[in-house]
Amino acid sequence: NAGVTQTPKFQVLKTGQSMTLQCAQDMNHNSMYWYRQDPGMGLRLIYYSASEGTTDKGEVPNGYNVSRLNKREFSLRLESAAPSQTSVYFCASSPQGGPGELFFGEGSRLTVL
Amino acid sequence: RKEVEQDPGPFNVPEGATVAFNCTYSNSASQSFFWYRQDCRKEPKLLMSVYSSGNEDGRFTAQLNRASQYISLLIRDSKLSDSATYLCVVIHNQGGKLIFGQGTELSVKP
């Protein structure tokens with residue numbers, strides 16, 4: 001059972017470089033989310049997509065863009081990476097547009113030098 | 001003030017001990033509450049929902065106190081495998097966004 005799959009799992013970037021984190025879920029969930037996790041800060045919501053074709057900003061959207069490519073896929077793009085974006089990124093999905101259990105991917109560890 | 005606050009710990013307890021974590025939330029419009037568990041360098045996973053009347057799942061008991069705006073998680077007869085970080089999650093009625101606490105680290109020692 002794949003669940004939520006994120007790629008890449010590890011990435012090192014130089015300041016100013018761009019990259020896209022990919023996320024796909026095979027559970028037919030409507031909602032998908034991108035979080036970042038930093039020591040002492042907990043998980044913070046970057047962007048979310050309540051359903052295919054919609055995206056909304058979360059708590060910390062600056063410096064990121066997202067695309068809900070179809071129901072399965074939700075990508076996160078860093079256009080010009082900064083050291084402050086060094087973090088662990090988690091993609092998640094849930095079966096309903098509102099409250100409910102989140103299913104997380106294994107995380108993507110990004111370091112920006 | 002953070003919307004959801006937890007004591008980061010770490011809580012170091014011996015096997016067999018009972019340990020309790022609290023989590024406070026600031027938004028009185030919060031409607032749904034959960035505890036997630038996160039093992040070191042892994043993704044968070046749902047441990048249990050928290051119902052108004054309190055609920056139990058084996059050695060784990062969750063309670064909600066709306067008047068004081070906190071939820072709690074009690075773990076009885078701690079096992080080594082309970083060592084993890086426990087995340088409190090609160091959902092507001094408006095928008096349905098999940099707000100995570102920073103987590104409480106538990107270390108169970110032999």
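Scroll up to find the structure this text is about.
Note that this is a predicted model, so its numbers are computed, not measured.

Core analysis: the biggest nonpolar cluster contains 24 residues, and Phe21(B), Trp35(B), Ile71(B), Leu73(B), Ile75(B), Tyr86(B) and Leu106(B) have the highest contact counts within it. For this core, the elements supplying multiple residues, two or more each, are strand S3 (19–25), strand S4 (30–38), strand S5 (44–50), strand S7 (60–65), strand S8 (70–75), strand S9 (84–92) and strand S11 (104–109) of chain B. The residues touching Phe21(B), leaving out its near neighbours within four places in the chain, are Phe11(B), Trp35(B), Ile71(B), Ser72(B), Leu73(B), Ile75(B), Tyr86(B), Thr104(B) and Leu106(B). Grouped together as the second largest cluster of nonpolar side chains are 19 residues, Val4(A), Ile46(A), Tyr47(A) and Tyr64(A) included.

This next bit is on the interface of chain A and chain B. Accessible area lost when the parts come together is the quantity often used to give the size of an interface. Listed by partner, the interface residues are 19 residues for chain A and 18 residues for chain B. On the surface where chain A and chain B come into contact, there are 0 salt bridges. On the surface where chain A and chain B come into contact, there are 3 residue pairs in polar contact (both at pLDDT 80 or more). Elements represented by at least two residues in the side of chain A that touches chain B include exactly strand S4 (31–38) and strand S5 (42–49) of chain A. Examining the composition of the side of chain A that touches chain B, we find that 4 residues originate from one element, S5(A), more than from any other. Of the residues belonging to the side of chain A that touches chain B, the class tally is 9 nonpolar, 6 polar and 4 charged.

So, about the state of the cysteines. Residues and elements named next belong to chain A. Counting across every chain of the model gives 2 disulfides over all chains. A sulfur-sulfur distance of 1.9 Å marks the disulfide that ties Cys-23 to Cys-91. Its S-S torsion of approximately -75 degrees makes the covalent link between Cys-23 and Cys-91 left-handed. Of this pair, Cys-23 sits in strand S3 (residues 19–25) while Cys-91 sits in strand S9 (residues 87–94), placing them 68 residues apart in sequence. Residue Cys-23 shares its accessibility class with Cys-91, and that shared class is buried.

We now examine the layout of surface pockets. Estimates place the volume of the largest pocket at around 600 Å³. If you go around the largest pocket, you meet 26 residues; those closest to its centre are Gln37(A), Pro39(A), Gly40(A), Gln38(B) and Thr85(B). Counting residues per element, the ones that place at least two in the lining of the largest pocket are S4 and S9 of chain A together with S9 and S11 of chain B. Broken down by element, the residue count for the lining of the largest pocket peaks at 4 residues, all from S11(B). Here the residues of the lining of the largest pocket are counted per class, giving 8 nonpolar, 12 polar and 6 charged. Taken as a whole, the second largest pocket encloses approximately 300 Å³ of empty space. Around the second largest pocket, the lining comprises 16 residues; the ones closest to its centre are Arg44(A), Glu59(A), Glu3(B), Ile99(B) and Phe100(B). For the lining of the second largest pocket, the secondary-structure elements that each account for two or more residues are S5 of chain A together with strand S10 (98–100) of chain B. Here the residues of the lining of the second largest pocket are counted per class, giving 7 nonpolar, 4 polar and 5 charged.

Attention now moves to unusual backbone geometry. Between Thr7(A) and Pro8(A) the backbone carries a cis peptide bond, its omega angle lying at -5 degrees. Inspection of the secondary structure puts Pro8(A) in the loop between strand S1 (4–7) and strand S2 (10–13). Cis geometry marks the peptide bond from Gly9(B) to Pro10(B), where omega comes out at 10 degrees. Turning to its location among the elements, Pro10(B) is positioned in the loop between strand S1 (4–6) and strand S2 (11–14). A positive phi is found at Asn28(A), a non-glycine position, where the angle reads about 60 degrees.

Before going further, it helps to spend a moment on the sheet that holds strand S8 (residues 74–78) of chain A. All names here are of chain A. Overall, antiparallel pairing links the 4 strands, which are arranged S1-S3-S8-S7 in an open sheet. Looking at strand neighbours, the two that pair on one side only are S1 and strand S7 (64–68), the edges of this open sheet. The mean inter-strand angle of the sheet, taken between neighbouring strand axes irrespective of direction, is 15 degrees. As judged from the 4 bridges shared by S1 and S3, these two strands associate in the antiparallel manner. Among the inter-strand pairings, Thr-5 is bridged to a residue of S3, identified as Ala-24.

Quick notes on the rules
Residues numbered from 1 in each chain as written. Chains lettered and ligands numbered in written order. Predicted model: local features only at pLDDT ≥ 70, side-chain atom pairs only at ≥ 80, totals over all residues. Heavy atoms only, no water. Core = buried A, V, L, I, M, F, W, Y, C linked by side-chain atoms within 4.5 Å. Buried < 20%, exposed > 50% of the residue type's maximum accessible area, 1.4 Å probe, protein only. Helix = DSSP H or I, 4+ residues; strand = E, 2+ residues; numbered from the N terminus. Contact = heavy atoms within 4.5 Å. Salt bridge = Lys/Arg side-chain N within 4 Å of Asp/Glu carboxyl O. Polar contact = N/O pair within 3.5 Å; in protein donor to acceptor, adjacent residues only side chain to side chain. Nonpolar A, V, L, I, M, F, W, Y, C, P; charged D, E, K, R; others polar. Disulfide = S-S within 2.5 Å. 1 Å grid on protein atoms, 1.4 Å probe; cavity = no way out; pocket = protein on both sides within 12 Å on 5 of 7 lines; lining within 4 Å. Points joined across faces, edges and corners; volume = space filled by probe spheres on them. Pairing = 2+ DSSP bridges. Axes fitted to C-alpha atoms, helices over the stretch in contact; angles between N-to-C directions.

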